[in-house]
Amino acid sequence: MTVLSLDLGPRLSNQNLYRAHTGDTICLQRCPELKGIQINLTCTNPVGEEIVLRQDADRAYFTLSSGGPYRVTWHIVVNPLPLNWTSVSMVTILADPVLTSTNSGPSLTIDQIAAQSHLTKCCGQVQRWEDVFRVSAESGYNTIHLTPVQELGISKSSYSLHSHHKISSSLNLNSGGGYEEDLEMLSRHLQDIHNKTGLFFLTDVVWNHVSICNREILSHPESYYNLYNTPNLIPAYLIDRSIHEFGNTQDNITDVQDLSSFEIKLRNHLLGTAQTLEKLYKIDLNKVLDVKKSTEASLCESQLNKKDINDLIKALWLVNYKEPEYAGDIDVGILRKFLEQRGVTSEPDQNSKISAAICHFNDVEVPTIVDQILNKVISAVMGTVKYRFLDEHGPKLSFGNVPIVDRYFHVSDITFTEELALDIYRKEDAQRIKTCNGWTAGESVSDMNSTMAYTNREVVIWGDSVKLRYGDRREDSPWLWDYMTKYTCDMASLFHGFRIDNCHNTPLHVGEELLRAARHVQPQLYIVAELFTGSEERDCEIINRMGINSCIRELSQSHSPRHLGELIYHYGESKPCGSFIHNIPHGDVVHQPGDENIPLGDQTCTEDNTPQLSLGSSRPHAMLMDQTHDNPCPFDQHPLPNVLALSGLMCAAKCSIGSNRGYDELVPHHIHVVEEERLYQGWSQSDDEDLKPAKKALIKLHQRLEDKGYSETFVDQAREDVVIVTRHHPDTCIKVLVVVATSWSEDSSLTSSYTVSLPGENVKVMLETEILSRQTSPKHTNNKDYIIGLSGVKIDVRENPLSSKMVTVSKPDEGNLDIDLLLTPGCVIAVEVEPPQSSKTALQYFNSYILCPEKFDKDLDKVFSTLDLLDLNYVLYRCNEEERVDGCGGVYHIPHHGNLTYAGIVGFLQVLETVTKNNDTGHPLCRNLCEGWWMADYTVNRLKKKNLKLGFFLEEIFFAVEAVPNYTRPKVFYKIISSVYSACLRQIRKLIPTMKTSVGNSWFVEQLVLTSVQLVGKVGDTGIPVLPQDKESVASLAAGLPHFSHGFMRCWGRDTFIALPGLLIKTGRLDVARDLVVGFARTLRYGLIPNLLSERGHRPRYNCRDAVWWWCRSVKLLYKHQPSILQESVYRLFYKDDSPVSPQTPFVCTVFDVITEILERHAAGITFREENAGRELDEHLLDPGFNMTAGVDPETGFIRGGSRHNCGTWMDKVGSSSQAGNKGIPATPRDGSAIELVAMGYQTVSWMAELSENGIGSTSEVNMKTGSTHKTVSYREWSEMIKENFEDKFWCSGGYYGNANGYYRDTLGSESGGDEKLRPNQTFAMVIAPELFKPSHMSEALKTIGTNLAGLVGMSTLSPEDADYQPYYDTGNHGNDYRTAHGFNYHQGPEWVWCMGFYLRAKLRDFQHLKKDNPDCMSDDEIGQYFATVLAPHRAMIASDPYRGLTELTNKGGQHCPNSCPTQAWSSGCLLEFLVELEQSEFSGS
């Protein structure tokens, strides 16, 4: 089964190509952004019918029952849409058809197709077709491509059809009836040939033009382009007529001097036409100023942004002059609106400016436009004239025999004057001026209302055709739609496939509709086309819209051996050797090692446990041809030997292949689609003195390579003239080398040698073919009745020879081969090489054991059952700094790529995820694996160093597969590593309860839970205090990686206890949570928990006021799961505030005692100066900043403290730029009573009151300092005091920022003046102590916060309306701006991710309150969708981040911040807290 993950990013357009096989089942899988979001998903099949999808929560399934495009459309049902989202998106999956025989004969997949093109008119009567096509069948071809079988027009061009509803009389069908009877008779003939020869049939379909002699369209003028329905063509017609008149008066051109004189005369002649064009293009000022017609005009954004009115008028003209109603007019209302936006409001002033601007346009712009047109016209005409009459390789025509250039228009019974051109509208005669069709490279001329190609003479015109006009919909030209639909369906009933003529100029909606109709008749219709857009993206769009299965690519147009090799590489290499994506045999399910669309190798399975194969974007599939029928003879560019070489390389490619009738017969001239009238020879007339026997052997080789599964390809430019194509079998690693000696030299007598050295044994020569008659000149005799080729050409073909003339094999050492080749010009040699026995043994082990989940995964699970979560942290993660601190040498370095993010499994998979997704076998990681087994050795040695059983197990595994061919090592390594990762996940799910609950079924929750494993580990210099008897450090929670990975920077008091509830308590890691709570409790001093630790906690720094309250909150939350935490023993490091560390005779208390002490110390007031204050402690902080205070406001009970000289909360940035003047100055002091500290103080004393009232603890009161005295206050009184004062003191009804929206003050009593700043900290308080808030005020505040602070993934730290708002954080800013220098704006606008968790939790409670008061205000599903949508960018971030976490912060609007820590503990922890709470709410959707 194939898997396609719906992606809101690169798959929004139809410019990516996704191919699958008919019969495959597709599983549409939501990408991370879409998980949990309601979408309406629809799918239509190739005939436009909607398919009933089998759906579950995150997946939908359907089967590709026929060939063609399946269009998947999804509509995101959320409002408003997140930033940069599109409400409706579409992707196309193109199913390859299978050409099926009607007589139970063999069917063909598209890579098995070997087609030969024939001009139908050269095949003769249908009675001789069997004999003619037997030549193709005996030459190895299985498919015949025929030009149209319809009656041709007067030019006899194979593509100029007299009528699409008439079979050519030259076929001599003798049906005895009309068109329908002819169809039936032709069908019988084709079926009979198919039954006898097994040949399938394709034909060209011609949709864009008819012959000029077609009389059917004359009564339907809407069905072809003329000057009435397409007035945009009037300038082109005037130019065309003028050139034609000029050409009739000129003498012959014989040299360059004549050509120069001709150009001067032409330019002078066209001056009159230029004057007419200027009249056509000028704007009628009087009409424009008719204000009565300018009523409801509106400006679009692009118009509004024009520099001035002159630019706007030019833009309006470029659009409007193409419309039939234009007539020199544009809407003055748009001009007036534009001027009003710029302050010009009075009508006279507007008229004056409009008049001046239009006069400027008419006098300056129009002559410039016309001059540019004429320059292009003259350049095009001169190029054509030079080619026709002078060029060495041109036809060298003579004047008088042909016009100087082809006419672009057919004129019937009308004299078209300049006066008529200037008043053409509604004139019926204009319908008689018919437009010819033609060919353009690059630009499509399918939209004639917008193209300038005809005016600029950029079309290679087909003078015998009339270009057809379908309009935008069937109603615009109903007769033509019906006419072409019947023609297309009739051809689908006769043929197995179509080649679309002039495809890239076919209107896409026309091709779509006609092919839908054809697929109703022939569900397995094969579609092939030539595209000349010059853009692979544009090619993919056309391919997807029409459902084109193969694009024709031609080798004979190559100009050098290297160019030829590049063509084979680009178009004939389906998958590279060692591909991560196995070939999918038609109708079978293939297991791919891992799944690159599942993050980090965690595979998914269908309901019946079938492994899923990811469906990746691919290049357009090719039909590679040595020559096409509409290009010159290959002998014009290639010596005879190269004709064989081109065929050899073509047949070595993995794609459809094809050739043109005449190539194999070595016809030395172009078989022209217009001029050729002779017939092909039949089998009874042909001989073997040409390329046919060699082509048969080569096509047989091509078929064998496809049938036997040699699905991987490598193209090597071995030597300037030698190209080697290696076809590789992904399972057996047997390879076939196709060696081709190209020959661009006329000297074809030289032979050379070349040696291929490679591992292997048992070489078998499959094919040798060469031209033997290189030194004799082939002969050619013209025949007036038949197309015949060169004679006297001897080509030797040796298949599976017992003794080779061109290959010698030697073994320089065991397991290696030297294949010596004797190369003659143009020769083709194919040899099959088996891998060495050691490689076979390793492959057998890999295929039978590693790829067998029942064996390998079972053994892995046994090994992993011995590992705990700290072991898994080591196995999976560990950044470079963590490794180096523990003496492990650092992460793995990949040459030409860089260091991995992690030393563990995730480090490799993070790179492999992208490599496998793009099947990038040339990536530096793959090259490193191909060159040596160093990654495996690194992984094993690292694990063994920790004496982990997994290391010894993997040592055996890697040793067993070490001998696989080196180019398969990346695939083998990826499969092993991804399986190990999957085993890790299975073990983590066993150890972390959250991963086993319904919450754990959420992909995003699992990713957040994994960050708990990622960030919690044992690092030797962590700073966490341990007891003397402890032999090793305890586990610590890194604040983030890699910035905060070790030393005193790893374990922050504040960060630890903000993240701990989510990462440790919600994940059930209560033992680690307990150790961290107790460990930090040991460091209590001054009534505070330190912010930074070092030397096992012996030199902590107490420069924050909030860490202690986050610690208290964590204890309270842990108590719910582990009540014994309060009685845990705490071996204190500091007996008194001023005592030294006493680890030998510590003071012992309980966690409950620590909380009591914290409350008592704050109630009494805390004042101290930091120990070791000065530059060694903090080189930036000014001296007063080392003076710390904390306490309680006795009037309100609010926690308060700090000063304008220091930062006591998480917004702790201190300036460091002397140049900008912010050095030593706190950017956000938040002194006084910070709102979240007040809430946490309230939460703590309320909890302690509750414990006391329940008989827990011996203390229920504190002595609170009130001025110079103290008073006894119970915990309950203290909490009530806070509650009574909170709303009155903190509610701000608006006005600070000039608006009336209410919110809560950030601080109270700050001497730095920041009380009323709008910040996200109030949401922390709403979650921690919701009972402090009036519900209506909280709801209003959340609206204010959502409008002003909510970003894409984080919360802005300051209102954008604030004068200090600076949302772009850059520590490398060395400018003079006080606000931003050295990142001074760290908390003044950048958007912090962890704050989003609290905001969403507050919103959740607000929704619950609103629903309680008004149950019908929003549905539960709508609320659930709101949260799923908000979290979409977070899901995308964690899926794509190299460190597999949520970042610390972003710049404005979620923009990447280079200075942000990639994975931050509190970012993941706070989001995980919210998700668990959401899951337990009524809005979870579960």
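Residues numbered from 1 in each chain as written. Predicted model: local features only at pLDDT ≥ 70, side-chain atom pairs only at ≥ 80, totals over all residues. Heavy atoms only, no water.

## Digging into the overall build of the chain
Note the threshold: The numbering of helices and of strands both runs from the N terminus, where a helix is a DSSP run of H or I of at least 4 residues and a strand a run of E of at least 2. In short, Shrake-Rupley with a 1.4 Å probe defines the accessible areas, and a residue's cover is counted only from the protein chains shown. Positive charges come from Lys and Arg, negative ones from Asp and Glu, while His and the chain ends are left out of the count. The atoms used to mark charge sites are NZ of Lys, CZ of Arg, CG of Asp and CD of Glu.
Scanning the chain for helices and strands turns up 39 helices and 55 strands. For the chain, the C-alpha atoms occupy an extent of roughly 125 × 95 × 60 Å along the three principal directions. For the chain, the accessible area works out to roughly 55800 Å², and carbon and sulfur atoms hold 47% of it. Side-chain charges of the chain comprise 140 positive and 187 negative groups, with the mean position of each set lying 2 Å from the other.

## Thoughts on helix α3 (residues 234-247)
Using the following cut-off: Expected helix span is computed as 1.5 Å times (number of residues minus one). Residue burial is assigned from relative accessible area. The probe radius is 1.4 Å, only protein chains are included, and a residue is buried under 20% of its type maximum, exposed over 50%, and partly exposed in between.
Its 14 residues place the ends of α3 20 Å apart at the C-alpha level, agreeing with the 20 Å of an ideal helix rising 1.5 Å per residue. Where burial is concerned, most of α3 is hidden: eleven out of the 14 residues are buried. Residues I234, P235, A236, Y237, L238, I239, D240, S242, I243, F246 and G247 constitute the buried set of α3.

## Here we look at the sheet that holds strand β26 (residues 712-719)
Stated precisely, the cut-off is as follows: At least two bridges found by DSSP between two strands is the condition for calling them paired.
Taken in spatial order, the seven strands of this open sheet run β21-β26-β27-β28-β35-β30-β32, and their pairing is mixed. Across the chains shown, the open sheet's two edge strands, defined by having one partner strand only, are β21 (575-576) and β32 (795-799). As paired strands, strand β28 (residues 735-741) and strand β35 (residues 828-834) are joined by six bridges and run antiparallel to one another. Residue pairing across strands places V738 opposite A830, the latter belonging to β35.

## Focus: the pattern of salt bridges
Stated formally: We count a salt bridge whenever a side-chain nitrogen from Lys or Arg sits within 4 Å of a carboxyl oxygen from Asp or Glu.
Considering all chains together, one arrives at 75 salt bridges under this definition. Between D240 and R407 there is a salt bridge, with the nearest N and O atoms lying 2.8 Å from each other. Of this pair, D240 sits in helix α3 while R407 sits in the loop between α10 (347-389) and β13 (409-411), and the two are 167 residues apart along the sequence. D240 sits in the buried class, given a relative accessible area of 1%. A salt bridge links K695 to D664; the shortest N-O distance between them is 2.7 Å.

## What to know about the sheet that holds strand β54 (residues 1449-1450)
Note: strands within a sheet are paired through backbone hydrogen bonds, in either parallel or antiparallel orientation. Here three strands make up an open sheet; going across it, the order is β52-β53-β54 and the pairing antiparallel. On the outer flanks of this sheet lie β52 (1355-1356) and β54, each paired with one strand and no other.

## Things to note about the side chain of S558
Where we set the bar: In the analysis that follows, any N or O atom pair within 3.5 Å is treated as a polar contact, provided that within protein one partner can donate a hydrogen and the other can accept it, and provided that, for residues neighboring in sequence, both atoms belong to side chains. Any pair of residues with heavy atoms lying within 4.5 Å of one another is described as a contacting pair.
Along the chain, S558 falls in the loop between β20 (550-554) and α15 (561-572). Polar side-chain contacts of S558 include one of 2.7 Å to the backbone oxygen of L555. Filtering out sequence-adjacent residues up to four positions away, S558 remains in contact with H563, L564, L567, Q637, H638, L646 and W744.

## Considering the packing of helix α28 (residues 1053-1065) against helix α39 (residues 1465-1479)
The line we're drawing: Note on definitions: angles span 0 to 180 degrees between N-to-C directions of axes, and those axes are lines fitted to C-alpha atoms, for helices only across the stretch in contact. Crossing handedness is defined as follows: a turn of the near helix away from the far one that is anticlockwise and smaller than a right angle gives a left-handed crossing, while the clockwise case is right-handed. Under the scheme applied, nonpolar residues are Ala, Val, Leu, Ile, Met, Phe, Trp, Tyr, Cys and Pro; charged residues are Asp, Glu, Lys and Arg; polar residues are all the others, including Gly.
Packing of α28 against α39 brings their axes to within 7 Å, and their N-to-C directions diverge by 35 degrees. At the point where α28 passes α39, the crossing takes the left-handed sense. Across from R1054, D1055, I1058, A1059, P1061, G1062 and L1063 in α28, the residues of α39 making contact are A1465, W1466, S1468, G1469, C1470, L1472 and E1473. Residues belonging to the contact of α28 with α39 are distributed by class as follows: eight nonpolar, three polar and three charged.

## A short note on the nonpolar core
The cut-off we apply is this: Throughout, nonpolar core names a set of buried Ala, Val, Leu, Ile, Met, Phe, Trp, Tyr and Cys residues whose side chains join them through atoms within 4.5 Å.
If you look at the biggest cluster of nonpolar residues, it comprises 212 residues, and the most contacted ones within it are L950, I976, W1111, L1126, W1278 and W1394. When sequence neighbours within four positions are dropped, the list of residues in contact with L1126 reads V1115, Y1119, T1150, V1151, F1152, I1155, W1247, L1251 and I1256. The next biggest cluster of nonpolar side chains, apart from the first, holds 66 residues, and it includes L94, V149, V510 and L525.

## Section: the packing of aromatic side chains
What counts, and what does not: When two rings of Phe, Tyr or Trp (its six-membered ring) have centres within 6.5 Å they constitute a pair, described as stacked for plane angles under 30 degrees, edge-to-face for angles over 60, and tilted for the intermediate range.
In total, this model carries 56 aromatic pairs according to the counting rule given. Between Y892 and F908, the aromatic rings sit 5.9 Å apart at their centres with planes inclined by 50 degrees, giving tilted as the arrangement. Here the residue Y892 occupies a position in the loop between α21 (880-885) and β36 (893-894), and F908 occupies one in helix α22 (residues 905-917), the gap between them amounting to 16 residues. Note on Y892: relative accessible area 8%, which makes it buried. Each ring, one from Y902 and one from Y1443, has its centre 5.4 Å from the other, and the planes form 80 degrees; the classification is edge-to-face. Here Y902 is found in the loop between β37 (898-899) and α22, whereas its partner Y1443 is found in the loop between α38 (1432-1440) and β54, with 541 residues between them in sequence. In this structure Y902 comes out as buried when scored by relative accessible area, which is 0%.

## Here's the deal with unusual backbone geometry
Across residues other than glycine, the phi torsion is negative in most instances, and most of the peptide bonds are trans. For the bond from L1041 to P1042, the omega torsion is 0 degrees, close enough to zero to count as cis. Relative to the assigned elements, P1042 resides in the loop between β40 (1040-1041) and α28. In this structure, C733 takes a positive phi of about 60 degrees despite not being glycine. Secondary-structure assignment places C733 in the loop between β27 (722-728) and β28. Although it is not a glycine, N919 adopts a positive phi angle of roughly 50 degrees. The buried category is assigned to N919, whose relative accessible area is 14%.

## A word on empty space enclosed by the protein
The following threshold applies: Lining residues are those with an atom within 4 Å of a point, where the points come from a 1 Å grid over the protein atoms alone and group into cavities, where a 1.4 Å probe fits but cannot get out, or pockets, open sets with protein on both sides within 12 Å along at least five of seven lines. Grid points are joined across faces, edges and corners, and a volume is the space filled by probe spheres set on the points.
Summed over the entire model, instances satisfying the criterion amount to six cavities of 30 Å³ or more. For the largest cavity, the lining is made up of 14 residues, of which S117, H145, R499, I552 and M625 are closest to its centre. Going through the elements one at a time, β9 (114-118) and β23 (622-625) are the ones with two or more residues in the lining of the largest cavity. A per-element tally of the lining of the largest cavity places β9 first, with three residues. Here the lining of the largest cavity is built from residues that sort into six nonpolar, six polar and two charged.

## Notes on the pairing of strand β3 (residues 25-30)
With six of its six residues buried, β3 lies for the most part within the structure. Neither face of β3 is open: one carries T25, C27 and Q29, the other I26, L28 and R30, and all of them are buried. Note that β3 and strand β6 (residues 59-63) share five bridges and pair antiparallel. Each residue of the ladder has a partner; that of T25, found in β6, is T63.

## Considering the confidence of the model for the chain
One rule of thumb: low pLDDT means the predicted coordinates there are not for detailed reading. Let me state the cut-off plainly: One confidence number per residue, pLDDT, is output by the predictor and ranges from 0 to 100.
Mean pLDDT over the chain: 89, with 91% of residues reaching 70 or higher. Across residues 583-611, where pLDDT falls below 50, the model places 91 contacts with residues more than four positions away in sequence or in other chains.

## Focus on helix α4 (residues 256-269)
Keep this limit in mind: Read the arc as the range of directions from the helix axis to the C-beta atoms.
Its 14 residues place the ends of α4 20 Å apart at the C-alpha level, agreeing with the 20 Å of an ideal helix rising 1.5 Å per residue. Those residues of α4 that sit buried are L259, F262 and L266. One face of α4 carries all of its buried residues, which in axial projection span an arc of 60 degrees. In α4, the exposed positions that point more than 90 degrees away from the buried face belong to Q257 and I264. On the buried face of α4, the contacting elements are α3 and α10.

## Details of the environment of P668
Assignment of secondary structure puts P668 in the loop between β24 (656-660) and β25 (679-680). For the pair P668 and F409, spaced 259 residues apart in sequence, the C-alpha separation works out to 35 Å. Setting aside anything within four residues of it in sequence, one finds P668 in contact with C633, F635, H780, I788, G789 and L790.

## Brief notes about the environment of G1224
The topology assignment puts G1224 in the loop between β45 (1199-1201) and β46 (1233-1234). Remark: the alpha-carbon pair of G1224 and C1292, spanning 68 residues in sequence, is separated by 31 Å. Non-local contacts of G1224, meaning those with residues more than four positions away in its chain, are made with H1180, L1181, L1182, V1214 and G1215.

## A short note on the packing of helix α25 (residues 949-961) against helix α26 (residues 969-991)
The cut-off we apply is this: Any angle that falls under 35 degrees is termed roughly parallel, while one over 145 is termed roughly antiparallel, one within 65 to 115 roughly perpendicular, and all others oblique.
Close contact between α25 and α26 brings their axes to 11 Å; oriented N to C, the two are set at 155 degrees. Comparing the axis directions of α25 and α26 gives the class roughly antiparallel. Considering the relative orientation of α25 and α26, their crossing is right-handed. Residues L950, L954, I957, F958 and V961 of α25 form the contact with α26, whose own contacting residues are V972, F973, I976, I977 and V980. Along the lines of polarity and charge, the residues of the contact of α25 with α26 split into ten nonpolar, no polar and no charged.

## Re the side chain of E676
By secondary structure assignment, the location of E676 is in the loop between β24 and β25. In this structure E676 comes out as buried when scored by relative accessible area, which is 8%. Only 2.9 Å separates the side chain of E676 from the side chain of R678, close enough to count as a polar contact. With residues up to four places along the chain from it excluded, the contact list for E676 reads K121, C122, H669, H670, I671 and I787.

## Topic: the pairing of strand β30 (residues 761-771)
Residues in a regular strand project their side chains so that they alternate between the two faces of the sheet. Counting buried positions along β30 yields eight of eleven residues, so the element is predominantly enclosed. Here β30 pairs with β35 via six bridges, running antiparallel. Bridge assignment links V765 to a residue of β35, and that residue is V831. For β30 and β32, the ladder comprises five bridges, and the chain directions are antiparallel. If you follow T769 over to β32, its bridge partner there is V797.

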